[in-house]
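Given next are the chains, with one letter for each unit.
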Amino acid sequence: MASTAKKAKKSDALEEEPEALEAVDTCQNEIDALNEQASEEILKVEQKYNELRKPYYRKRNEFIKRIPSFWMTAIMNHPQISGILEEEEEDCLQFLEKLEVEEFEDIKSGYRILFHFEENPFFENTVLTKEFKLGSNGESPSSTSTPIKWKPDHDLTKVLPKKVANNRRKRGLENRTFFDWFTDNNDPINDDIAELIKDDLWPNPLQYYLVPDIEVEPEDDEDGDGGEEFGEEGDEEEVDEVEDEEEKAS
């Protein structure tokens, strides 16, 4: 009897499964619709606050101009971005007076990074721009970068790659330099350096400019030398006390 009852329940469940699956699918569609609505509203909020941030970014850049080598220092102190920075490029980035990130009006569609340079011995450009289109409306992601007008014998993209393989400062990262990154537009959707600049360095560069030097505290002697020194002092005190008593006795 029990076996027959189980079979009957299983049969009923099989008959109800298509209807239940259809109901689950309906619920899921409603959830997806709400998620899409939430994304649209979040996007509007982001666009609103992007506009509100702009005057503060402009004001911040005006103050930054008064701090020598601010952006170069912040980049050098960034744990990931600094990994692609070569010494010769540090010399070049001394002339970087302003960095900006501009998101498109439809922030899902892309952004651009602008590097403003003072007159320098490396190239003629005053602004280098790297722009990312993230492939909205069915388009493929793409990126473009300003052609750099290098001055004679100062093209860092030709000089530096020869040194990369033997450079110990690469810290295990792939063999590319800062200006290799800037000119490379082969894989914009996986551009980790651009994302770090946009989402980490640009929102708060001060935290990287102010990275303190790590002070190394002296380690305790594993052999317990400190304890022995303390014991030696104690022994000396005991000797002095014995000598005093001997003098009194005599």
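- Per an unreviewed UniProt entry, the protein goes by AGAP003598-PA and derives from Anopheles gambiae.
- Within the UniProt record for the protein, the comment given under Sequence similarities (unreviewed entry) is "Belongs to the nucleosome assembly protein (NAP) family."

So, the UniProt feature "coiled-coil region" (unreviewed entry) in the protein
Now for step 1: Mapped onto this structure's residue numbering, the UniProt feature "coiled-coil region" (unreviewed entry) falls at residues 24-51.
Now for step 2: Between the first and last C-alpha atoms of residues 24-51 the distance is 41 Å; the span itself is 100% helix and 0% strand.

A look at the environment of leucine 43
Now for step 1: Following the sequence through the fold, leucine 43 ends up in helix α1 (residues 2-64).
Now for step 2: Considering only alpha carbons, one finds leucine 43 and aspartate 106, 63 residues apart in sequence, at a separation of 8.5 Å.
Now for step 3: With residues near it in sequence (within four places) discarded, leucine 43 still touches Asp106, Ile107 and Lys108.

Looking at the layout of surface pockets
Now for step 1: Of the voids in this model, the largest pocket is the one considered here, and its volume is about 530 Å³.
Now for step 2: Lining the largest pocket are 21 residues, and of these Asn50, Lys54, Val101, Glu102 and Glu103 sit closest to its centre.
Now for step 3: Breaking the lining of the largest pocket down by element, the ones donating at least two residues are α1, β1 (96-103) and α7 (192-201).
Now for step 4: Tallying contributions element by element places α1 first for the lining of the largest pocket, with nine residues.
Now for step 5: Looking at side-chain class alone, the lining of the largest pocket contains six nonpolar, three polar and twelve charged residues.

Criteria and cut-off values
- Residues numbered from 1 in each chain as written.
- Predicted model: local features only at pLDDT ≥ 70, side-chain atom pairs only at ≥ 80, totals over all residues.
- Heavy atoms only, no water.
- UniProt positions renumbered as here; feature names shortened; annotations may be inferred.
- Helix = DSSP H or I, 4+ residues; strand = E, 2+ residues; numbered from the N terminus.
- Contact = heavy atoms within 4.5 Å.
- 1 Å grid on protein atoms, 1.4 Å probe; cavity = no way out; pocket = protein on both sides within 12 Å on 5 of 7 lines; lining within 4 Å.
- Points joined across faces, edges and corners; volume = space filled by probe spheres on them.
- Nonpolar A, V, L, I, M, F, W, Y, C, P; charged D, E, K, R; others polar.

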